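Residue strings, one per chain:
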Amino acid sequence: MLEDLYAGAEADALARLEQVSLSQLETLISKAATPIDCHSSFGKGQTIQVIAEIKRASPSKGDLAPIPDPAALAATYASAGASAISVLTEERKFKGSLADLVAVRAAVAIPVLRKDFVSMEQQVLEARAYGADLVLLIVAGLEQDKLVKLASFVESFGMTPFVETHSSEEVSRAVDSGAKLIGINARDLSTFETDRNLFEELAQSLPSDCIAVAESAVRNTEDVSAYAKAGADMVLVGEALVTGDAAQLLGEFTSVKKIRL
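Here we summarise the structure given alongside this text. All of these numbers come straight from a predicted model, not from anything done at the bench. (Residues numbered from 1 in each chain as written. Predicted model: local features only at pLDDT ≥ 70, side-chain atom pairs only at ≥ 80, totals over all residues. Heavy atoms only, no water.)

The helix and strand inventory of the chain stands at 11 helices and 10 strands. Compactness check: the chain gives a C-alpha radius of gyration of 17 Å against a globular reference of 18 Å for 261 residues, within 12% of the reference. In terms of its C-alpha atoms, the chain occupies a principal-axis envelope of roughly 50 × 40 × 35 Å. For the chain, with 261 residues in total, the buried portion stands at 55%. Sequence separation of 24 or more characterises 69% of the internal contacts of the chain that already satisfy a separation of 6 or more. Counting every atom, the chain has about 11000 Å² of accessible surface; 49% of that belongs to carbon and sulfur. Looking at charge distribution, the chain has the averaged site of its 24 positive side-chain charges lying 4 Å from that of its 37 negative ones. (Helix = DSSP H or I, 4+ residues; strand = E, 2+ residues; numbered from the N terminus. Rg over C-alpha atoms; globule rule 2.2 N^0.38 Å. Buried < 20%, exposed > 50% of the residue type's maximum accessible area, 1.4 Å probe, protein only. Contact = heavy atoms within 4.5 Å. Areas by Shrake-Rupley, 256 points an atom, 1.4 Å probe, with all protein chains shown as cover. Lys, Arg positive; Asp, Glu negative; His and termini not counted. Charge placed at Lys NZ, Arg CZ, Asp CG, Glu CD.)

Shown next, in the form of structure tokens:
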């Protein structure tokens, strides 16, 4: 599954080059606003912060929500207390687009994450050209040298790499890459099965200066509280927000106390 997702993302990226060249992306970047410094706001305070996701579909669940106006949903997220917006730009299985990224960036003043299967510098250029402040890098899909190079490339534009892991080895690789914003995903992207205990097992391996983000398997406040007790600074939530009352849930989630202060 993960290999197919990367292959599709790369094919779509190459197809986009026929519409927008690398030089055109560089021109857009030169005119773009300076990226937001995520490290100055993430992981701060006494309560859990939420990265709220624009998510229409997934390979495991199929269609979740149509989201005809991603900008309006992002504005709802921001006004309800989200600390950042995650925009799924993968087209085939998640039904996202770079147009969603552009729309969300124009609608909110908080950091925006490009969430996709990034393996090419072109995709990083696109992220910056269209307004992203953060770029997802998935350890399971990248050799270590590529992970380090892409993370450095992301940082060269003032953006923040958000490095996702799913095992103790991947956590070690993320730390070795120099990442300071590290996600632990309860969902195995090879099988799309979830393990709700995984974050607690792996979070103790994260250095104290890393911002720990729990990803997936967040259905309710009890799940957020469990992640907080296991050491999470932030949670990334998609499905629960797009299928439920986003404003109410965000109010509940962002009231959960952290234990890592």
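To continue, consider helix 9 (residues 221-229). Inspection of helix 9 places D223, V224, Y227 and A228 among the buried residues, and these make up the whole buried set. Considered in projection along helix 9, the buried side chains sweep an arc of 140 degrees and stay on one side of the axis. Of the exposed residues in helix 9, those oriented more than 90 degrees away from the buried face are E222 and K229. Packed against the buried residues of helix 9 are helix 8 (198-203), strand 9 (211-215), strand 10 (234-237) and helix 11 (246-253). For helix 9, the N-terminal cap is N220; the gap from its side-chain oxygen to the backbone nitrogen of E222 is 3.2 Å. Two residues or fewer after helix 9 comes G231, characterised by a positive phi angle close to 110 degrees. (Arc of directions from axis to C-beta. Polar contact = N/O pair within 3.5 Å; in protein donor to acceptor, adjacent residues only side chain to side chain.)

As a further point, take the pairing of strand 1 (residues 49-54). Counted residue by residue, strand 1 has 6 buried out of 6 residues, so it is predominantly covered. The alternating pattern of strand 1 places Q49, I51 and E53 on one face and V50, A52 and I54 on the opposite face, and all of these are buried. As defined by bridge partners, strand 1 adjoins strand 10 across 4 bridges and the pair is classed as parallel. Considered in strand 10, the bridge of V50 is made with V235. As judged from the 4 bridges shared by strand 1 and strand 4 (residues 84-88), these two strands associate in the parallel manner. Opposite I54, over in strand 4, you have V87 as the bridge partner. (Pairing = 2+ DSSP bridges.)

Core analysis: the largest hydrophobic core is formed by 94 residues, its most contacted members being I54, Y77, I85, F117, F199, Y227 and L241. What Y77 contacts, discounting residues up to four positions off in sequence, is A52, E53, I54, A82, I85, L241, V242, A246 and L250. (Core = buried A, V, L, I, M, F, W, Y, C linked by side-chain atoms within 4.5 Å.)

It is worth spelling out the pairing of strand 7 (residues 160-165) at this point. Of all 6 residues in strand 7, 6 are buried; the element is thus mostly enclosed. Where strand 6 (residues 134-138) and strand 7 come together, 5 bridges link them in parallel fashion. Directly across from V135, in strand 7, lies its bridge partner P161. Chirality of the crossover, the property in question, places the unit of strand 6, helix 6 (residues 144-156) and strand 7 among those that are right-handed. Looking at chain direction, strand 7 and strand 8 (residues 181-185) are connected through 3 bridges and run parallel. (Right-handed = clockwise from strand over helix to strand, strands pointing away.)

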